[in-house]
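An overview of the molecular structure
Here is what each chain is made of, one letter per residue.
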Amino acid sequence: MNKIALITGITGQDGAYLADFLLKKGYVVHGIKRRASLFNTDRIDNLYQDPHVSNRNFVLHYGDLTDSTNLIRIIQKVQPDEVYNLAAMSHVAVSFDTPEYTANADGIGTLRILEAIRILGLEKKTRFYQASTSELFGLVQETPQKETTPFYPRSPYAVAKLYAYWITVNYREAYGLYACNGILFNHESPVRGETFVTRKITRALSRIKLGLQDCLYLGNMDSLRDWGHAADYIEMQWLMLQQEQPEDFVIATGVQYSVRDFVNAAAKELGMQITWQGKGIDETGTDRSGRIIVKVDPRYFRPTEVETLLGDPTKAKEKLGWTPKTSFEDLVAEMVREDLKSAERDELVKKHGFAAYDYHE
Ligand code: NDP
Ligand code: GDR
């Protein structure tokens, strides 16, 4: 019998990589997608199977982490062997604008799934993965951060995820559920959301190179992050559910770069060179011709910032035999390559326009 997985957040970056990975492993994959006024399944359209075809191994259900009736119904119908809870309002800056919703979806949403598993009597059958985050460390108490480092969340997002982390631990201890937290540090890819800093940079610099955009506006240039590739990290999500005993793991590369380093690396990939001037809100970056192409805009500063994150993945290496495959340089190169392709398509449309075609043909 093929194993059955249920992925919440299947339309997101990690959901798309994980669905593909599990299908290749022979799983039947079910996913929960939200109703939206426009199609929101771009990242998984390559996996779509027509509902009229029998024996599908990829099935989508409408749902939302804020609706427990919906979650109970889906889990009852799917009877999953493994649940991957990846759904979340995942943007740290936006969580300051929508704190209550973020708590509801990211915090209580996790409880709703755990309760659904319990209400349906699936505690012995269903294994549960919670997408925890390095944002839990926030104002860091120790460097590098590992599984035992104390938490100090610095945003409504991180506080909601703190609840989700502990409720996962509590259900493991209270009810013997196989439930794990993956404490994942930032991981990126060509399908990363466009408003996270890495994708914002690779997309904007590609467009600036082709004359489609003038300037890239950023917030805290000194922020330090431990950036890995999503494809490497989702493998760990699966591995964590294949062990004898459920445990929590930090997943990171153990290497740290600043936002400015990321801009420099992306620019290098595009054959551009940036010269930096000024500090703080006055910092600018100019290209070889002296044109300002990067500027700091305080609107991207956060009310409370996480200045530095660096993970120690030793436990994952020792217990799960995991090491990240993709280097920082390769990650940046892949993201730039894909964004440049997409900018080239936009350039074509801009140059030739739709007027070249007769809409009435
Ligand atoms: P994305 O933002 O790309 O994807 C989030 C997914 O959650 C989307 O499918 C989104 O749907 C869905 N979603 C949001 N709100 C709800 C809701 N109320 N009900 C149901 N679905 C919802 O995130 P990532 O793929 O990058 O991250 C996956 C998870 O891992 C998230 O929980 C994130 O917080 C966490 N994480 C991510 C890290 C990273 O660096 N990427 C690091 C550590 C943790 P829609 O497409 O409709 O918006
Ligand atoms: P983060 O990712 O907050 O770490 O959360 P993000 O890419 O948004 O920010 C990283 C750092 O860059 C600084 N920054 C900017 N960020 C954005 N988005 N836009 C800007 O213009 C900008 N300029 C500077 C930020 O201040 C920050 O310090 C991500 C999400 O995927 C979370 O869901 C996940 O839990 C954590 O990573 C680990």
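Residues numbered from 1 in each chain as written. Chains lettered and ligands numbered in written order. Predicted model: local features only at pLDDT ≥ 70, side-chain atom pairs only at ≥ 80, totals over all residues.

Going by an unreviewed UniProt entry, the protein chain carries the name GDP-mannose 4,6-dehydratase and comes from Sulfuriferula multivorans. Regarding the protein chain, the UniProt comment filed under Sequence similarities (unreviewed entry) reads as follows: "Belongs to the NAD(P)-dependent epimerase/dehydratase family. GDP-mannose 4,6-dehydratase subfamily." In its Function (unreviewed entry) section, the UniProt entry covering the protein chain states "Catalyzes the conversion of GDP-D-mannose to GDP-4-dehydro-6-deoxy-D-mannose." (UniProt positions renumbered as here; feature names shortened; annotations may be inferred.)

Before going further, it helps to spend a moment on the site of ligand 2. Around ligand 2 sit 22 residues in total, of which Ser 90, Thr 133, Val 197, Gly 219 and Ser 223 are the nearest. Looking at the shell around ligand 2, the elements that each hand over two or more residues are helix H3 (92-97) and helix H6 (197-209). Of the residues in the shell around ligand 2, the class split is nine nonpolar, eight polar and five charged. The residues that make up the shell around ligand 2 include at least three from each of domain 1 (4-190 + 228-251) and domain 2 (197-224 + 257-303 + 326-354). (Near = placed C-beta within 6 Å. Helix = DSSP H or I, 4+ residues; strand = E, 2+ residues; numbered from the N terminus. Nonpolar A, V, L, I, M, F, W, Y, C, P; charged D, E, K, R; others polar. Domains from an automatic or database assignment.)

Contacts to ligand 1 come from 26 residues, most closely from Gly 9, Gly 12, Ala 87, Ala 88 and Ala 131. Contributing elements (two or more residues each) for the shell around ligand 1: helix H1 (13-24) and strand S5 (127-133). With three residues, H1 is the largest single contributor of residues to the shell around ligand 1. Partitioning the shell around ligand 1 into residue classes produces 10 nonpolar, 13 polar and three charged.

So, on to the environment of Ser 54. Assignment of secondary structure puts Ser 54 in the loop between strand S2 (28-33) and strand S3 (58-62). Between the C-alpha atom of Ser 54 and that of Gly 254, which follows or precedes it by 200 residues, the distance is 45 Å.

Attention shifts here to the domain arrangement of the protein chain. Taken domain by domain, the protein chain consists of domain 1 (4-190 + 228-251) and domain 2 (197-224 + 257-303 + 326-354). Look at where the C-alpha atoms of domain 1 and domain 2 centre, and you get two points 30 Å apart. Of the residues lining the interface, nine residues belong to domain 1; the matching set on domain 2 comes to nine residues. Secondary-structure elements contributing two or more residues to the side of domain 1 that touches domain 2 are H3 and strand S10 (228-229). (Contact = placed C-beta atoms within 7 Å.)

For the rest of this paragraph, the subject is the nonpolar core. Buried together is how nonpolar side chains tend to be arranged in soluble globular proteins. Within the largest apolar cluster, 68 residues are counted, with the highest numbers of intra-cluster contacts made by Ala 5, Ile 7, Ala 19, Phe 128 and Ile 251. Looking at this core, the element that brings in the most residues is helix H5 (residues 156-175), giving nine residues. Among residues more than four places away in sequence, those in contact with Ile 7 are Gly 15, Leu 18, Ala 19, Val 29, Gly 31, Tyr 84 and Leu 86. Ranked by size, the runner-up nonpolar core spans 21 residues in total, among them Met 221, Val 263, Val 294 and Leu 331. (Core = buried A, V, L, I, M, F, W, Y, C linked by C-beta atoms within 7 Å. Buried ≥ 20, exposed ≤ 12 C-beta atoms within 10 Å, placed from the backbone.)

It is worth spelling out the packing of helix H4 (residues 99-119) against H5 at this point. Packed helices, taken two at a time, are described by the angle their axes make and the gap between the axes. Relative orientation of the contacting elements H4 and H5 amounts to 15°, with a least axis distance of 8 Å. The angle between H4 and H5 places the two elements in the roughly parallel class. For the element pair H4 and H5, the recorded crossing hand is right-handed. Packed against H4, whose contacting residues are Pro 99, Thr 102, Ala 103, Asp 106, Gly 107, Thr 110, Leu 111, Leu 114 and Arg 118, the element H5 presents Pro 156, Tyr 157, Ala 160, Lys 161, Tyr 163, Ala 164, Ile 167, Thr 168, Tyr 171 and Tyr 175 at the interface. Class assignment for the residues of the contact of H4 with H5 results in 12 nonpolar, four polar and three charged. (Axes fitted to C-alpha atoms, helices over the stretch in contact; angles between N-to-C directions. Parallel < 35°, antiparallel > 145°, perpendicular 65-115°, else oblique. Left-handed = near helix turned anticlockwise from the far one by under 90°.)

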